[in-house]
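# Descriptive analysis of the structure
What follows is each chain in one-letter form.
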Amino acid sequence: MKLKDSVAIVTGSSSGIGAAIARLFAEHGCHVVINFSNNEEGARTVASDCEKYGVKTLIYRANVAEDTECRTMVDAALKRFGRIDILVNNAGTTKFCNHDDLGGLDKQDFLDLYTVNAIGPFQMARAAEKALRANGSGHIINMASIAGLSGTGSSIAYAASKGALVTITRSLARVMGPEVRVNAVCPGFVQGEWLMKGLGEDKYNTLLETTKASAPLHDTASPKTVADVCLGLIIGGDLTTGETILIDGGAHLGTAPVSR
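Now for a look at the structure at hand. The model shown is predicted, which means the values in this text are computed figures rather than measured ones.

Criteria and cut-off values
- Residues numbered from 1 in each chain as written.
- Predicted model: local features only at pLDDT ≥ 70, side-chain atom pairs only at ≥ 80, totals over all residues.
- Heavy atoms only, no water.
- Pairing = 2+ DSSP bridges.
- Helix = DSSP H or I, 4+ residues; strand = E, 2+ residues; numbered from the N terminus.
- Axes fitted to C-alpha atoms, helices over the stretch in contact; angles between N-to-C directions.
- Contact = heavy atoms within 4.5 Å.
- Left-handed = near helix turned anticlockwise from the far one by under 90°.
- Nonpolar A, V, L, I, M, F, W, Y, C, P; charged D, E, K, R; others polar.
- Buried < 20%, exposed > 50% of the residue type's maximum accessible area, 1.4 Å probe, protein only.
- Right-handed = clockwise from strand over helix to strand, strands pointing away.
- 1 Å grid on protein atoms, 1.4 Å probe; cavity = no way out; pocket = protein on both sides within 12 Å on 5 of 7 lines; lining within 4 Å.
- Points joined across faces, edges and corners; volume = space filled by probe spheres on them.

Turning our attention to the sheet that holds strand β7 (residues 244-247). Spatially, the seven strands line up as an open sheet ordered β3-β2-β1-β4-β5-β6-β7, and their pairing is parallel. Edge positions in the sheet fall to β3 (57-61) and β7, since each has one partner strand and no second. Neighbour to neighbour, the strand axes of the sheet diverge by 15 degrees on average, direction disregarded. The pairing of strand β1 (residues 7-10) with strand β4 (residues 86-89) spans three bridges and is parallel. For I9, the partnering residue across the bridge sits in β4 and is L87. Sheet strands touched by helix α4 (residues 107-134): β1, β4, β5 (138-143) and β6 (180-187). Its angle to β4, the strand with the most contacts, is close to 175 degrees. Sitting on the sheet, helix α6 (residues 156-176) touches β5, β6 and β7, and the angle it makes with β6 is about 160 degrees.

A word on the packing of helix α3 (residues 67-81) against α4. α4 packs onto α3 with a crossing angle of 35 degrees between their chain directions and a minimal axis gap of 9 Å. Of the two elements, α3 crosses α4, and the hand of that crossing is right-handed. Along the contact surface, α3 presents D67, C70, R71, M73, V74 and L78, while α4 presents G120, Q123, M124, R126, A127, A128 and A131. For the contact of α3 with α4, the residue count by class is eight nonpolar, two polar and three charged.

Here β4 shows two buried faces, one formed by I86 and V88 and the other by L87 and N89. Across four bridges, the pairing between β4 and β5 is parallel. Opposite N89, over in β5, you have N142 as the bridge partner. Where the polypeptide runs from β4 across α4 and back to β5, its parallel neighbour, the crossover connection is right-handed.

Our focus in this paragraph is the layout of surface pockets. What the largest pocket holds in volume is close to 970 Å³. What lines the largest pocket is a set of 31 residues, and nearest its centre among them are G12, S14, S15, G92 and W194. Looking at the lining of the largest pocket, the elements that each hand over two or more residues are α1 (16-27), β2 (31-36) and α7 (193-199). In terms of residues, the lining of the largest pocket owes the most to one element, α7, which gives five residues. Of the residues assigned to the lining of the largest pocket, the class counts are 11 nonpolar, 17 polar and three charged.

On to empty space enclosed by the protein, then. With the rule as written, the count across this model stands at one cavity of 30 Å³ or more. Empty space within the largest cavity amounts to approximately 40 Å³. If you go around the largest cavity, the residues you meet are T11, V64, N89, N90, A91, V116, G120, P121 and M124. For the lining of the largest cavity, the element with the most residues is α4, which contributes four residues. Tallied by class, the residues present in the lining of the largest cavity amount to five nonpolar, four polar and no charged.

Function-wise, these values are silent; they only describe arrangement.
Dropping the structure here:
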């Protein structure tokens, strides 16, 4: 699949991984829908960066937890561009809670995380299904996490929600082929403000160095390296569907603690 003149919706793309994906796709000639729920200033900055590559953008506020808002975002994208080729389900949330603190999570925490991290991507896929199938070569990328495979991460509720997203990815891949490929990428520790804010600077730096030291590649992911993998799936993975791609420098091969 070629990115030039394609159209991608990237949810949660006002900062971090989503912003890196939007910018990289735009660099390759892809028009981008930049979605945000709160950070409008960040979304406008990303849009400006993308438009420097000569592509068109659409900035759209929507909460993927709300089915109606998923559908209206897809409708707005079709009205603006007339097509949708790629859906990147990147929007996500967590609650930081040590795994041994079972009292630190309640039912509502699980529901909040599942609604955004698992139900949201399903709702977006459902809303965009017709448009993605229409072109015969659509692609969905779900931003899961190594937490969903290993049971580690920022909290048990987060790991469970990302595990559900991995399962949703495999189910969608079965039913949306041959017109649409569906894959998940699973970052480990991702360098950046999101994780530093959640963990606190001291814990973040300690975990970063520990993970780097024990990973075979002696490095961890960044938003840019995650975006690079997403790009590779689009332009070089025509026979890849239903897969989960780990991005952690090989940390899963050892005992390094990991978290998206």
